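Read off the chains here:
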Amino acid sequence: MPRAMSHTVSVVFEGRNRSPVKILLSTDPFPDTGVSGRLMGTYQLSLIALIQLLRSVRSRSMAVIPDQKVATAVSNADAPWDEFDSQWYADHNYGEIHPDDHAVISRVGRFFATRAIGRKRHAIDVGSGTNLYPALAMLPVAESITLWEYSASNVRWLEHGVRPYGQLWDPFWEALRESAPMYRRFQRPRAVLPAIAKVEKASVFALPEGLWDLGTMFFVAESITGIPTEFELATRNFLTSLRPGAPFAAAFIRNSRGYHVRDLRFPAVAVTEYEVRRVLRPYADELTVEHVAPGQAFRDGWDGMVLALGSRNRRPRP
Ligand SMILES: C[S@@+](CC[C@H](N)C(=O)[O-])C[C@H]1O[C@@H](n2cnc3c(N)ncnc32)[C@H](O)[C@@H]1O
């Protein structure tokens, strides 16, 4: 039976706590609510008209959906990456070692110490920003470490930041030393990192396939876009940039709705263990995905981290 053409319109206004609220008006029932709309030709609404409308028709004919996508539906290309305040971000997030980072570092250290032994590897850290602990975690088992970063300011920071790295990173190295003997045996990390690290200014969306034998990506795929399909593509690209068998560690901010770096707002996709597992599973072997619970609320909208560990399988990039 041919269906009548449906009409849907969405209106966004600022709700309580200045959070955006999206109102959908439709001639069809809304799939989530079953509420049907009977409004036609209401494509332009002032806020006052909208309130009157809400009062008059109430839930009979519309669904009011607080929509985080409205706040964060900024694509990767839309965000001001070149104005990312690198030093502010480094001081704010890594000025001291937080319990969550400590927990993640310990797990990653133990994982690489058991899974990345035997030979030196070509390693990559995607979206390094101003975080050197993923690179430090790979240092004892790496022949080279590529720091794949997109933002001009972070690239500048990295070029100086690793040569040699500052004392800020000593507690992070100490956490790695506590995690496994491999780190305790490793001599002169401050001299070795600059010798083997190279900074590439490039996007996660331009990663070549199957090139690296070891990889990390920390707080990138979900924290560079508000669009879920871009989060999925970035996660998949990271994994498929690795060779079959390559161990990896990937960390994600859980349930993030965006964040500030100084006074600039950056987008995020709210993910949990479920989305991370769903995107990684087709390309990973021996995958573990866990919630590292929140300690201190020092990052915006903090709900802990999701940590994924595993190794790349043989399935090709789609
Ligand atoms: C939330 S920060 C995470 C930085 C760092 N990895 C950490 O653990 O704190 C997101 C990083 O992704 C970088 N980024 C943004 N878009 C990117 C892209 N298309 N490709 C690669 N990196 C990107 C940003 O410049 C920033 O360094």
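The shown structure was predicted, so the numbers you read here are calculated from the model rather than taken from an experiment. Positions within a chain are numbered from 1, following the residues in the order the chain's sequence is written. For a predicted model such as this one, the threshold for reporting local features is a pLDDT of at least 70, and the threshold for listing and counting side-chain atom pairs is 80 or more; totals across whole chains, interfaces and linings nevertheless cover every residue. Hydrogens and water molecules were not included; the side-chain quantities draw on all heavy atoms of the structure.

Caption draft 1: Structural detail: the site of the ligand. Near the ligand you find 22 residues, and of these Tyr89, Tyr94, Gly127, Glu149 and Val204 are the closest. Whenever a nitrogen or oxygen atom comes within 3.5 Å of another N or O atom, the pair is scored as a polar contact, on the condition that within protein one atom can donate a hydrogen and the other can accept it, and that pairs from neighbouring residues in sequence are kept only if both atoms are in side chains. At 2.6 Å, a side-chain N or O of Tyr94 approaches an oxygen atom of the ligand. Between a nitrogen atom of the ligand and a main-chain N or O atom of Phe218, the distance comes to 2.8 Å. In isolation the ligand exposes 580 Å². Once the protein is present, 99% of that is buried. Residue polarity is assigned by list, with Asp, Glu, Lys and Arg as charged and Ala, Val, Leu, Ile, Met, Phe, Trp, Tyr, Cys and Pro as nonpolar; anything else, Gly included, falls into the polar class. In the shell around the ligand, the residues fall into 12 nonpolar, nine polar and one charged. The rule for a residue being near a molecule or strand is that one of its heavy atoms must lie within 4 Å of it. Each accessible area value is a Shrake-Rupley result obtained with a 1.4 Å probe; residue values ignore everything except the protein chains displayed when judging cover.

Caption draft 2: Spatial organisation of unusual backbone geometry. Looking along the chain, the bond that leaves Arg163 and enters Pro164 is cis, with omega of -25 degrees. Comment: elements are numbered from the N terminus, with helices defined as DSSP H or I runs of at least four residues and strands as E runs of at least two. By the secondary structure assignment, Pro164 is in the loop between α6 (152-161) and α7 (170-179). Unusually for a residue other than glycine, Arg188 sits at a positive phi of about 55 degrees. Structurally, Arg188 is set in the loop between α8 (181-185) and α9 (189-196).

Caption draft 3: Molecular detail of the pairing of strand β4 (residues 121-126). Counted residue by residue, β4 has five buried out of six residues, so it is predominantly covered. Each pair of strands is called paired provided DSSP finds at least two bridges between the two strands. Note that β4 and strand β5 (residues 142-149) share six bridges and pair parallel. Looking at β5, one finds that His122 is bridged to Ser144. Handedness rule for crossovers: strands pointing away from the viewer, path from the first strand over the helix to the second running clockwise, crossover right-handed. Handedness of the β4-helix α5 (residues 133-138)-β5 crossover: right-handed. For every residue, the accessible area (1.4 Å probe, protein chains only) is compared with the maximum for its type, and the residue is labelled buried under 20%, exposed over 50%, or partly exposed between those bounds.

Caption draft 4: Geometry of the packing of helix α4 (residues 99-115) against α7. Throughout, an axis means a line fitted to C-alpha atoms (over the contacting stretch in the case of helices), and angles, computed between N-to-C directions, take values from 0 to 180 degrees. At a minimum axis separation of 8 Å, α4 and α7 run at an interaxial angle of 45 degrees. Viewed along their axes, α4 and α7 adopt a mutual orientation that is oblique. The crossing of α4 and α7 is right-handed. Counted together, Asp101, His102, Ile105, Ser106, Gly109 and Arg110 of α4 and Phe172, Ala175, Leu176, Glu178 and Ser179 of α7 form the full contact between these two elements. Classifying every residue of the contact of α4 with α7 by side-chain character gives four nonpolar, four polar and three charged. In this scheme, roughly parallel covers angles under 35 degrees and roughly antiparallel covers those over 145, while 65 to 115 is roughly perpendicular and the rest are oblique. In this scheme the handedness of a crossing depends on how the near helix is turned from the far one: anticlockwise by less than a right angle means left-handed, clockwise means right-handed. By the convention used here, residues are in contact when the closest approach between their heavy atoms is within 4.5 Å.

Caption draft 5: Broad picture of the nonpolar core. Only buried residues count toward a nonpolar core. Its members are Ala, Val, Leu, Ile, Met, Phe, Trp, Tyr and Cys residues joined through side-chain atoms within 4.5 Å. Among the nonpolar cores identified, the biggest contains 86 residues, and Val108, Phe112, Tyr133, Ile145, Trp169, Leu193 and Phe252 are the most heavily contacted of them. Among residues more than four places away in sequence, those in contact with Ile145 are Ala123, Ala135, Met138, Leu139, Leu193, Ile196, Ala197 and Lys198.

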